[in-house]
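Below, each chain spelled out in residue letters.
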Amino acid sequence: MVERASPLGGDFRPGSYGDFANGSGVTISEAVKGSIVEASAWPGQEKALASNLSTTCRLRLSASPGNGAASREGTCAFNIGPGRFLVSGMDEALAGDIIAAVGDETGTVTDLSHGRTVLSIEGPQVEWVLAKLFALDFSPAAFPVHAGRATAHHDVFVQIQRRGEKRFELYVFRSFARAFAKTLCRAAEDVGYTIG
């Protein structure tokens, strides 16, 4: 099997950068996923889709906007719009499992594994750094763990999921990944950042 190459290339070198005299404010890395899938419900089938995904991925999902969940096996999903979920995990068979579980009468499933890159950013200053790029409230009350949002920075579409108290995963188009990673690093320069 051919191994997928990172679109970040040699520009994304491990090390500490920016003003890290007081320690690193965030750590930025590429989160490797085996499968990234978007599932969309037909009108009136939103609850059925959430139920199918919950069963297949062993997650607790509802059709509510912003809803998200994660399983012990590392699969996570979050609502990215009305009746739309982004699901990811390490299992490369996940896409096929979801396609088999979501019937034609419920909605559509698109495998995005080769078209998306996932950047992880975590640390004590993560909310500060992300607030520089996106007009979103990143506080835990407004953006709880496992919740997700779909937004953009200039012309780069980004889907964001809070994966921990101080950790977020950002899903970007593979063709924009290198430029967006550089933008994320520039936004973190004043707090210092480590590329892991």
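The structure contained in this document is the topic of the report that follows. (Residues numbered from 1 in each chain as written. Predicted model: local features only at pLDDT ≥ 70, side-chain atom pairs only at ≥ 80, totals over all residues. Heavy atoms only, no water.)

### Structural notes on the packing of aromatic side chains
Selection criterion: Aromatic rings from Phe, Tyr and Trp, with only the six-membered ring used for Trp, were paired whenever their centres fell within 6.5 Å, and each pair was classed as stacked if the ring planes differed by under 30 degrees, edge-to-face if by over 60, and tilted otherwise. A run of DSSP states H or I qualifies as a helix once it reaches four residues; a run of E qualifies as a strand once it reaches two. Both are numbered from the N-terminal end. Any residue under 20% of the maximum accessible area for its type is buried, any over 50% is exposed, and the rest in between are partly exposed; the area is computed with a 1.4 Å probe on protein chains only. Criterion for a charge above a ring: Lys NZ or Arg CZ within 6 Å of the ring centre, and within 35 degrees of the ring normal.
This structure, assessed with the given rule, holds eight aromatic pairs. With centroids separated by 5.8 Å and ring planes inclined at 50 degrees, the aromatic side chains of Phe-78 and Tyr-171 adopt a geometry described as tilted. Of this pair, Phe-78 sits in strand E5 (residues 76–81) while Tyr-171 is found in strand E11 (residues 167–173), placing the two residues 93 residues apart along the sequence. Here the two residues Phe-78 and Tyr-171 agree in accessibility, since each one is buried. Ring centres 6.4 Å apart and planes at 70 degrees place the aromatic pair Phe-173 and Phe-176 in the edge-to-face group. Of the residues examined, Phe-176 reaches a relative accessible area of 35% and is grouped as partly exposed. Three or more aromatic residues link up through ring pairs in this structure, and these residues are Phe-138, Phe-143 and Phe-168. The aromatic ring of Phe-143 is capped on one face by Arg-149, whose charged end is 4.5 Å from the ring centroid.

### Some thoughts on the environment of Gly-115
The test is simple: Residues are treated as being in contact if the distance between any of their heavy atoms lies within 4.5 Å.
Position of Gly-115 among the secondary structure elements: in the loop between strand E7 (107–111) and strand E8 (116–122). What makes Gly-115 partly exposed here is its relative accessible area of 26%. For the pair Gly-115 and Tyr-171, spaced 56 residues apart in the sequence, the C-alpha separation amounts to 9.9 Å. Beyond its immediate sequence surroundings of up to four residues, Gly-115 is in contact with Val-172, Phe-173 and Arg-174.

### Let's talk about the sheet that holds strand E3 (residues 35–41)
Our working definition: Paired strands, as defined in this entry, are two strands with at least two bridges between them according to DSSP. Here an axis means a line fitted to C-alpha atoms, over the contact stretch when the element is a helix, while the angle between two N-to-C directions is reported on a 0 to 180 degree scale.
In spatial order, the strands read E4-E5-E6-E3-E7; together these five strands make up an open sheet with antiparallel pairing. Where the open sheet ends on each side, the last strands, each with one partner, are strand E4 (68–70) and E7. The mean inter-strand angle of the sheet, taken between neighbouring strand axes irrespective of direction, is 20 degrees. Taken together, the five bridges between E3 and E7 define a ladder with antiparallel strand orientation. Residue Ala-39 lies in a different strand from E7, and its bridge partner there is Val-109.

### Some points on the state of the cysteines
As a reminder, the rule being used: Any two cysteine sulfur atoms within 2.5 Å of one another count as a disulfide.
Scanning the entire structure with this criterion turns up zero disulfides. For the unlinked cysteine Cys-57, the closest cysteine sulfur is that of Cys-76, found at 9.6 Å. Taking relative accessible area as the criterion, Cys-57 reaches 4% and is therefore assigned buried.

### Re the packing of helix H3 (residues 126–133) against helix H4 (residues 177–188)
Heads up, the condition is: For classification purposes, an angle smaller than 35 degrees is called roughly parallel, one larger than 145 roughly antiparallel, one from 65 to 115 roughly perpendicular, and anything else oblique. By definition, any crossing whose near helix is turned counterclockwise from its far helix by less than a right angle is left-handed, and any crossing with a clockwise turn is right-handed. Three classes are used: nonpolar for Ala, Val, Leu, Ile, Met, Phe, Trp, Tyr, Cys and Pro, charged for Asp, Glu, Lys and Arg, and polar for all others, with Gly counted as polar.
One can describe the packing of H3 onto H4 by two numbers: an axis separation of 9 Å at closest approach and a directional angle of 120 degrees. On the basis of their axis angle, the class for H3 and H4 is oblique. Remark: the crossing between H3 and H4 carries right-handed chirality. On H4, the residues touching Val-129, Leu-130, Lys-132 and Leu-133 of H3 are Phe-180, Thr-183, Leu-184, Ala-187 and Ala-188. Of the residues assigned to the contact of H3 with H4, the class counts are seven nonpolar, one polar and one charged.

None of this, on its own, says anything about what the molecule does.
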